[in-house]
Number of protein chains: 2
Amino acid sequence: MRDATLRDVARVAGVSARTVSNVVNGYARVTEHTRQKVERALLEVNYRPNVLARNLARGRSGQIAVVVPYLDTPYFSELLQAIIPPAREHGYNVLIDQTDGDPAHERELISRGARAFLFDGMILSPLGLAQEDLVEIDPDLPLVILGERVSNGVFDHVGIDDVEASRAATAHLIGLGRRRVAAIGDQPYPTGEAAQLRTRGYRRAHADAGLPVDESLIIPTPRFNRADGSGAMRELLAREDPPDAVFCYSDLVALGALRAVLDHGLRVPEDIALIGYDDIEEGRYSNPTISTISPDKAAIATTAVERLVRRIASAEPPQGIEVRADHRLIARESTVGRTVDENSAGLPEKVPDAD
Amino acid sequence: MRDATLRDVARVAGVSARTVSNVVNGYARVTEHTRQKVERALLEVNYRPNVLARNLARGRSGQIAVVVPYLDTPYFSELLQAIIPPAREHGYNVLIDQTDGDPAHERELISRGARAFLFDGMILSPLGLAQEDLVEIDPDLPLVILGERVSNGVFDHVGIDDVEASRAATAHLIGLGRRRVAAIGDQPYPTGEAAQLRTRGYRRAHADAGLPVDESLIIPTPRFNRADGSGAMRELLAREDPPDAVFCYSDLVALGALRAVLDHGLRVPEDIALIGYDDIEEGRYSNPTISTISPDKAAIATTAVERLVRRIASAEPPQGIEVRADHRLIARESTVGRTVDENSAGLPEKVPDAD
DNA sequence: CTGAAAGCGCTAACAT
DNA sequence: ATGTTAGCGCTTTCAG
């Protein structure tokens with residue numbers, strides 16, 4: 001049986017399509033009497049609005065795209081999980097895309113090629129946008145970028161203060177008495193500006209403590225995953241003068257590094273202390289648990305959605321703004337060991353949520 | 001500047017809209033000459049088809065929904081990651097939804113209420129569909145269900161042989177000489193049929209080995225996450241006669257259980273051996289690494305997409321079929337310890353992919 | 001092989 | 001407050 005259309009409802013209710021539309025969308029005021037009639041008809045024919053037709057008529061898709069490098073990276077899936085509910089509250093469906101580490105794919109998405117009209121705006125967690133990529137962005141695409149502003153100020157950015165968070169993480173290690181603190185995750189090339197912010201914080205902590213930076217302890221990695229972390233750590237362990245602590249640019253890197261340290265027969269944190277970044281759930285269960293920088297993911301998610309919705313609504317794109325969500329340092333076993341610490345020790349009865 | 005429409009292109013090229021449409025979609029054959037003309041016009045006005053209009057005219061959305069209980073559960077995010085590429089190859093966008101553990105939400109999605117027309121079909125990883133929920137399903141919704149068939153045979157199901165895989169996992173533990181093998185993750189109620197298949201395999205392994213099943217060692221959990229795993233494990237550890245091995249119904253459960261065992265001061269696998277299910281990447285990096293049942297996720301993903309696409313294409317829904325993807329048991333440290341084993345020991349130079 | 005034109009189902013002027 | 005109707009931009013039947 002064909003789906004009932006607005007006209008069918010109108011006919012059954014003995015009113016015009018316009019009135020039915022009004023009732024369905026709650027636009028203009030409608031007499032209580034007609035409303036009742038219409039609603040009865042609505043039920044009678046089991047009317048379900050055709051979203052496709054509505055979208056075409058309204059000239060918008062009612063969808064927003066969320067683009068992340070990898071869907072199976074816990075930080076991103078946790079973020080996505082947090083983005084969907086507020087998006088839905090604003091009436092948007094979420095279209096998820098992964099760039100799969102492919103910059104070309106990323107550029108294609110932001111230039112909107114064939115899939116224009118399919119989403120009204122985009123929340124992008126850039127893999128790496130170099131200055132010159134920005135020009136490829138469809139200027140009419142409402143866009144919110146996840147992560148700190150690195151290049152220009154045209155778009156909205158939502159993230160945490162990476163430099164400060166990284167400084168705090170490094171300072172935490174130095175405060176524990178460690179003197180050879182390594183860093184894993186630098187990306188010293190144009191698309192790695194986000195990673196470079198972390199490195200800047202790392203340097204700042206050293207400067208604050210009056211400590212020199214051993215440049216050879218800053219290990220670059222192409223991504224922020226487990227394999228990169230363990231590979232870099234192995235490299236560090238092979239040296240004659242291995243570090244006694246490592247600031248890892250993601251929890252995944254820290255987890256990979258942890259595995260390498262343990263495989264090497266050393267202990268964490270006794271021999272080498274490790275701190276990560278992101279506060280993914282996995283780090284609350286690993287052995288040892290991973291100290292980390294915990295960004296307020298819920299705040300990032302809701303803020304990003306709100307900014308995007310606003311951008312979509314306003315005809316003229318407002319000035320790009322910069323939102324800094326909160327973050328905090330959580331000391332767990334990988335730096336302070338198994339003390340009975342307020343934040344971390346042992347396995348909590350209830351696992352604290354990141355948000 | 002307004003986006004160029006098909007008509008604009010037609011005018012510039014001096015042909016009709018029909019012809020432009022033909023060129024764009026590669027439908028009917030078009031003279032080389034006109035084709036050239038049209039293509040030049042296409043570029044000249046920078047034409048991008050309006051997907052919304054196309055969808056309305058075609059009467060389909062070009063989108064499929066993939067519904068999972070939780071987006072941030074590694075098994076699901078890894079599966080989603082694998083589903084998107086084949087879906088895109090078939091010309092579909094993927095709309096991701098999470099039910100958040102809410103059966104009501106799940107029912108709403110399968111009955112397609114307000115969001116009908118938004119997706120042409122659905123791949124559903126059911127939270128728990130009881131017999132009576134099936135009637136709520138929109139009969140016209142092309143649907144592929146992830147996981148083994150538990151109830152009726154109307155829909156396509158794609159999964160692995162849960163009973164056999166669970167039997168093998170349990171047999172692996174028994175083969176290691178363990179005699180008190182517990183199971184964490186049973187769900188002895190109508191919506192837990194999937195979990196019950198695992199329990200059936202667990203029982204079968206015992207029967208095969210001529211071992212009695214100690215019913216008190218089968219611990220139910222509401223979900224398959226880390227917290228459930230550690231909670232259940234603590235319960236087991238508090239007993240006078242704790243188990244010497246545990247078959248966990250997911251890797252996450254195993255990871256949670258692992259944490260509890262270590263917190264209790266016991267060793268894995270020396271004191272208690274642990275095996276999980278799903279083969280998520282995390283289990284290849286944990287300490288110790290987690291033995292597991294590895295489903296062929298890539299096969300599950302591509303098969304599910306293919307079946308769904310076929311269902312969408314055929315007017316009359318074919319008989320529901322049952323696809324069983326491959327799986328294999330991977331023995332890692334949590335059962336066999338740190339032997340130099342072909343599959344598992346140490347940290348591989350390259351982390352094997354699940355697919 | 002190409003043109004003309006009728007929808008797809010809804011929205012939103014415009015009119016009453 | 002409600003009716004009339006012209007689009008939204010594309011697909012596709014029907015002619016030619």
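No experiment lies behind these values; they were computed from the predicted model shown. (Residues numbered from 1 in each chain as written. Chains lettered and ligands numbered in written order. Predicted model: local features only at pLDDT ≥ 70, side-chain atom pairs only at ≥ 80, totals over all residues. Heavy atoms only, no water.)

Undergrad: Honestly, the protein's contact with DNA strand C in this entry has me stumped. Any pointers?
TA: Taken together, 25 residues lie around DNA strand C, and A:L6, A:Y47, A:R54, B:T31 and B:T34 are the ones closest in. If you look at DNA strand C and keep only atoms within 4 Å of the protein, 68% of those are sugar or phosphate atoms. With respect to DNA strand C, the side chain of A:S21 contributes an N or O atom lying 3.1 Å from a phosphate oxygen. In the model, a base oxygen of DNA strand C is placed 3.4 Å from a nitrogen or oxygen of the B:R18 side chain. Those elements that place two or more of their residues in the surface near DNA strand C are α1 (6–13), α2 (17–25) and α4 (51–58) of chain A together with α2 (17–25) and α4 (51–58) of chain B. (Near = heavy atom within 4 Å. Polar contact = N/O pair within 3.5 Å; in protein donor to acceptor, adjacent residues only side chain to side chain. Helix = DSSP H or I, 4+ residues; strand = E, 2+ residues; numbered from the N terminus.)

Undergrad: Could you clarify how one ought to interpret the pairing of strand β2 (residues 93–98) of chain A in this entry?
TA: A regular strand carries its side chains on alternate faces of the sheet. Residue and element names in this part refer to chain A. Within β2, six of the six residues are buried, which leaves it mostly tucked inside the rest of the structure. Burial along β2 is two-sided: the residues N93, L95 and D97 and V94, I96 and Q98 are all buried. Across six bridges, the pairing between strand β1 (residues 63–68) and β2 is parallel. Along β2, the bridge assignment pairs A65 with L95. For the crossover that starts at β1, traverses helix α5 (residues 74–89) and ends in the parallel β2, the hand is right-handed. (Buried < 20%, exposed > 50% of the residue type's maximum accessible area, 1.4 Å probe, protein only. Pairing = 2+ DSSP bridges. Right-handed = clockwise from strand over helix to strand, strands pointing away.)

Undergrad: Which parts of the structure should I look at to understand the environment of A:A194?
TA: Within the secondary structure layout, A:A194 lies in helix α8 (residues 193–208). On the basis of relative accessibility, which here comes to 43%, the residue A:A194 falls in the partly exposed class.

Undergrad: Is there a simple way to think about the relation of the copies chain A and chain B in this case?
TA: What connects the two chain copies is a rotation about an axis and a shift along it. With an RMSD of 0.1 Å, the operation that places chain A on chain B is a rotation of 180 degrees combined with a shift of 0.0 Å along the axis. This pairing of chains is accounted for by a two-fold axis. Looking at the rotation axis and the C-alpha trace of chain A, the residue lying nearest is A:L95, at 2.6 Å. Of all interface residues in chain A, 100% are interface residues in chain B too; the two copies therefore contact each other through one and the same surface. (Least-squares fit on C-alpha atoms with pLDDT ≥ 70 in both. Contact = heavy atoms within 4.5 Å.)

Undergrad: Would you mind showing me how to read the packing of α5(A) against helix α11 (residues 297–313) of chain A here?
TA: For any two helices packed against each other, one specifies the inter-axial angle together with the distance between the axes. Residue and element names in this part refer to chain A. α11 packs onto α5 with a crossing angle of 50 degrees between their chain directions and a minimal axis gap of 8 Å. Comparing the axis directions of α5 and α11 gives the class oblique. α11 is crossed by α5, and the crossing has right-handed handedness. Here α5 contributes Y75, E78, L79, A82, I83, P86 and A87 to the contact with α11, which in turn contributes K297, I300, A301, T302 and V305. Partitioned by chemical class, the residues of the contact of α5 with α11 number nine nonpolar, one polar and two charged. (Axes fitted to C-alpha atoms, helices over the stretch in contact; angles between N-to-C directions. Parallel < 35°, antiparallel > 145°, perpendicular 65-115°, else oblique. Left-handed = near helix turned anticlockwise from the far one by under 90°. Nonpolar A, V, L, I, M, F, W, Y, C, P; charged D, E, K, R; others polar.)

Undergrad: Looking at this model, I keep getting lost on the packing of helix α7 (residues 162–175) of chain B against helix α8 (residues 193–209) of chain B. Mind explaining?
TA: Residues and elements named next belong to chain B. Running from amino to carboxyl end, α7 crosses α8 at an angle of 45 degrees, the nearest separation of the two axes being 7 Å. Between α7 and α8, the angle is such that the two are oblique. α7 and α8 meet at a crossing whose hand is right-handed. The residues of α8 that touch α7, namely those facing D162, V163, S166, R167, T170, A171 and I174, are L197, R198, R200, G201, Y202, R204, A205, H206, D208 and A209. Split into classes, the residues belonging to the contact of α7 with α8 amount to seven nonpolar, four polar and six charged.

Undergrad: Sorry, what's going on with α8(A) here?
TA: Because each turn of an α-helix spans 3.6 residues, side chains separated by three or four positions end up pointing in the same direction. Residues and elements named next belong to chain A. Counted at 1.5 Å a residue, the expected span for α8 with its 16 residues is 22 Å, and the 22 Å between its end C-alpha atoms agrees. If you check which residues of α8 are buried, you get A195, L197, R198, T199, G201, Y202, A205 and H206. Against the buried residues of α8 lie α7 (162–175), β6 (181–186), β7 (218–220) and β8 (245–248). Positive phi shows up at G210, right after α8, with a value of about 70 degrees. (Expected span 1.5 Å × (residues − 1).)

Undergrad: What am I meant to see in the domain arrangement of chain A here?
TA: Accessible area lost when the parts come together is the quantity often used to give the size of an interface. Residues and elements named next belong to chain A. Each domain of chain A was delimited in the assignment, giving domain 1 (6–49), domain 2 (63–159 + 297–324) and domain 3 (162–295 + 329–336). Of note, the centres of domain 2 and domain 3, computed from C-alpha atoms alone, are 28 Å apart. Counting residues at the interface gives 14 residues for domain 2, matched by 15 residues for domain 3. Both faces considered, domain 2 and domain 3 share a buried interface measuring about 1100 Å² in area, 54% of it formed by carbon and sulfur atoms. Put simply, domain 2 and domain 3 have zero salt bridges between them. Where domain 2 packs against domain 3, one counts six residue pairs in polar contact (both at pLDDT 80 or more). Elements with a minimum of two residues in the side of domain 2 that touches domain 3: α5 and α11. For the side of domain 2 that touches domain 3, the leading source of residues is α5, giving three residues. (Domains from an automatic or database assignment. Buried area = accessible area lost by both parts, 1.4 Å probe. Salt bridge = Lys/Arg side-chain N within 4 Å of Asp/Glu carboxyl O.)

Undergrad: Teacher, can you tell me more about empty space enclosed by the protein here?
TA: Here the idea is plain: a probe the size of a water molecule rolls over the atoms and shows the empty space left. Taken as a whole and judged by the stated rule, the model has four cavities of 30 Å³ or more. As a volume, the largest cavity reaches approximately 110 Å³. Every residue lining the largest cavity is listed: A:L255, A:L258, A:E282, A:Y285, A:S286, A:N287, B:L255, B:L258, B:E282, B:Y285, B:S286 and B:N287. Counting only elements with at least two residues in the lining of the largest cavity, the list comes to α10 (251–263) of chain A together with α10 (251–263) of chain B. Across the lining of the largest cavity, the residue classes tally to six nonpolar, four polar and two charged. For the second largest cavity, the calculated volume is near 90 Å³. If you trace the second largest cavity, you find it lined by A:L52, A:N55, A:S61, A:Q63, A:L118, B:L52, B:N55, B:S61, B:Q63 and B:L118. Those elements that provide at least two residues to the lining of the second largest cavity are α4 of chain A together with α4 of chain B. Partitioning the lining of the second largest cavity into residue classes produces four nonpolar, six polar and no charged. (1 Å grid on protein atoms, 1.4 Å probe; cavity = no way out; pocket = protein on both sides within 12 Å on 5 of 7 lines; lining within 4 Å. Points joined across faces, edges and corners; volume = space filled by probe spheres on them.)

Undergrad: Would you explain the pattern of salt bridges in this entry?
TA: One side chain can pair with another of opposite charge once the charged atoms of both are near each other. Inspection of the entire model under this criterion finds 54 salt bridges over all chains. Note that B:R226 is salt-bridged to B:E282, the shortest N-O span being 2.6 Å. One end of the pair, B:R226, is in helix α9 (residues 226–237); the other, B:E282, is in the loop between β9 (273–275) and β10 (292–295), and 56 residues separate them in sequence. Side by side, B:R226 and B:E282 carry an identical accessibility label, which is buried. Look at the salt bridges and you will find they share partners, linking A:R180, A:D214, A:R239 and A:D241 into a network.

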